[in-house]
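# Fold and contact review
This is what each chain is made of:
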Amino acid sequence: MQNLKENIEKLNNYLSDTSYNDIDIVDLIKYLSSKFGVKQEIKKEKYQRLEEYIGDSKKVLLVLVDGLGYYKVNELSDSSILKKNLRAGIRTVNPTSTACVLTSVCSAKYPSEHGIFGWWQYLRSKNLNYCPLPMVERKTGKKVEDKGINIKEVFEFESIFEKLNTTVNISMPRELISSSYSKMFSGSKANTHGFYSIREGFMNMSKKLKNSDTSFSYLYTDGLDAASHMYGVNSQEVKNIISEVEEGIKFIKNDNDDVKVIVIADHGQVDMVSMMYLNQNTDYTKYFYALPSIDTRMISFFVKDEAKEEFEEKFLSEFNKDVILLKKSEIEKYKIFGNTKLSKKAKENLGEYIGIVVNDKFMVCDKINIEDCLNTKGNHSGLTKKETTIPLIVI
């Protein structure tokens, strides 16, 4: 069995699509950090375009709205403060999974460099299946640190926020702010604070912005992503959260007219048609030495050497209508995870095969997760334009 020709064409069309803005989220972070004293390598032409989009400001607030894709912003009314100030659609990184993208934000590196690919991850050196954002073991929920693992073994870089030559403020939901991932993300110098509601987050940030003449601030909110998963991309719940974000931005601008607000996302979402369960007809667990990782629209499979041929044949016979199955070497050739070669860390963290769902479906690989996913409406981590294009909004 082989991948279907039409599915490979979909992949090639995505990779060769010139209608995309070639600026991506890593370029943006490099540009912004260079404004605050960090030496970065960025192509001159990209720097100039970002300069046109953004320009200089002594105070910058970067707002990342989880799940707010470019196309969602483009559908808003013309009176929307987000749509009125939409400068461009830019690319996020792949996979379009929050843990992957946020790690690119705090490192200014591509996934091919930092090696964090998604909600689920495998640490080969410790034979550990874990979740990077909460930093817990998958099966037990125990903290990774409690298993004697140093966080620096997972994240082999220094947060970009450690390097900025200005005051740094980091704000995110209260249940996230004290996690070991958030501490790594923020670095040791940032002023961090959590919030219970979007309104509270913006009000607290407004106060922080008044405390210094120059600053770089970051505010992350995750409610829209959760609502899209639960109720769908076009639900009233999603619209309500967008309205809350817009009101928060207006409050910031009315209270701090010297602040440049930049709004982006980690990814967009698409509504799903159906769920696929990996082990519905075949027990694939017999082929694996570690749990499948990344997410539900891009999956990394850790396959025993002696089982590769049988796994490949069986998987494609069942799923090739909806999923492309690539070997790790092919992933590097396509440069799906960034324009750099896969680092040693990235290679270690990936399995022997990567499955990419090409239609509006998603795949669950663990029976434990089926009940949680049965009612999923919206999803992400795939390669569609709606997932991979994020807004660059400058206010």
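Just above sits the structure.
Let us look at the structure shown here.

Here is what the cut-offs are and how they apply
Residues numbered from 1 in each chain as written. Predicted model: local features only at pLDDT ≥ 70, side-chain atom pairs only at ≥ 80, totals over all residues. Heavy atoms only, no water. Pairing = 2+ DSSP bridges. Helix = DSSP H or I, 4+ residues; strand = E, 2+ residues; numbered from the N terminus. Buried < 20%, exposed > 50% of the residue type's maximum accessible area, 1.4 Å probe, protein only. Contact = heavy atoms within 4.5 Å. 1 Å grid on protein atoms, 1.4 Å probe; cavity = no way out; pocket = protein on both sides within 12 Å on 5 of 7 lines; lining within 4 Å. Points joined across faces, edges and corners; volume = space filled by probe spheres on them. Nonpolar A, V, L, I, M, F, W, Y, C, P; charged D, E, K, R; others polar. Disulfide = S-S within 2.5 Å.

## Looking at the sheet that holds strand S13 (residues 298-301)
Taken together, 4 strands build an open sheet; the order of strands is S12-S13-S15-S14 and the sheet is antiparallel. Either end of the sheet is taken by a strand with one partner, and the two such strands are strand S12 (293-294) and strand S14 (323-327). As judged from the 2 bridges shared by S12 and S13, these two strands associate in the antiparallel manner. In the strand pairing of S13, Ser293 is matched with Ser300.

## Section: the environment of Gly382
Structurally, Gly382 can be placed in the loop between strand S17 (378-379) and helix H18 (385-388). Here Gly382 falls in the buried class, since its relative accessible area comes to 0%. Those residues in contact with Gly382 that sit more than four places away from it in its chain are Asn94, Thr96, Arg297, Glu387 and Thr388.

## Quick word on empty space enclosed by the protein
If a probe as big as a water molecule is rolled over the atoms, it shows which places are left empty. Taken as a whole, this structure holds 3 cavities of 30 Å³ or more when the rule is applied. The calculated volume of the largest cavity comes to roughly 80 Å³. Together, 13 residues line the largest cavity, and Trp120, Asp295, Met363, Val364 and Cys365 are the ones closest to its centre. Residue classes in the lining of the largest cavity are distributed as 7 nonpolar, 3 polar and 3 charged. Roughly 50 Å³ of internal volume is contained in the second largest cavity. Residue lining of the second largest cavity: Ile29, Leu32, Ser33, Val105, Ile160, Phe161, Leu164 and Phe216, and that is the complete set. Take the lining of the second largest cavity: its biggest share by element is 3 residues, from helix H2 (residues 25-34). Taken together, the residues that form the lining of the second largest cavity break down as 7 nonpolar, 1 polar and no charged.

## Observations regarding the state of the cysteines
In the structure shown here, the tally under the stated rule is 0 disulfides. Note on Cys100: no disulfide assigned, nearest cysteine sulfur contributed by Cys106 at a separation of 11 Å.

## Some points on the pairing of strand S4 (residues 128-131)
Here S4 shows no split at all, with Leu128 and Tyr130 on one side and Asn129 and Cys131 on the other all buried. Pairing analysis gives 3 bridges linking strand S3 (residues 121-123) to S4, with the strands arranged antiparallel. Looking across to S4, one finds that Gln121 is bridged to Tyr130. From the end of S3 to the start of S4, which pair antiparallel, there are 4 residues, and Asn127 there has a positive phi angle of about 50°. Inspection of the sheet shows S4 paired to strand S5 (residues 136-137) by 2 bridges, in the antiparallel sense.

As far as function goes, none of this settles anything; it's purely spatial.
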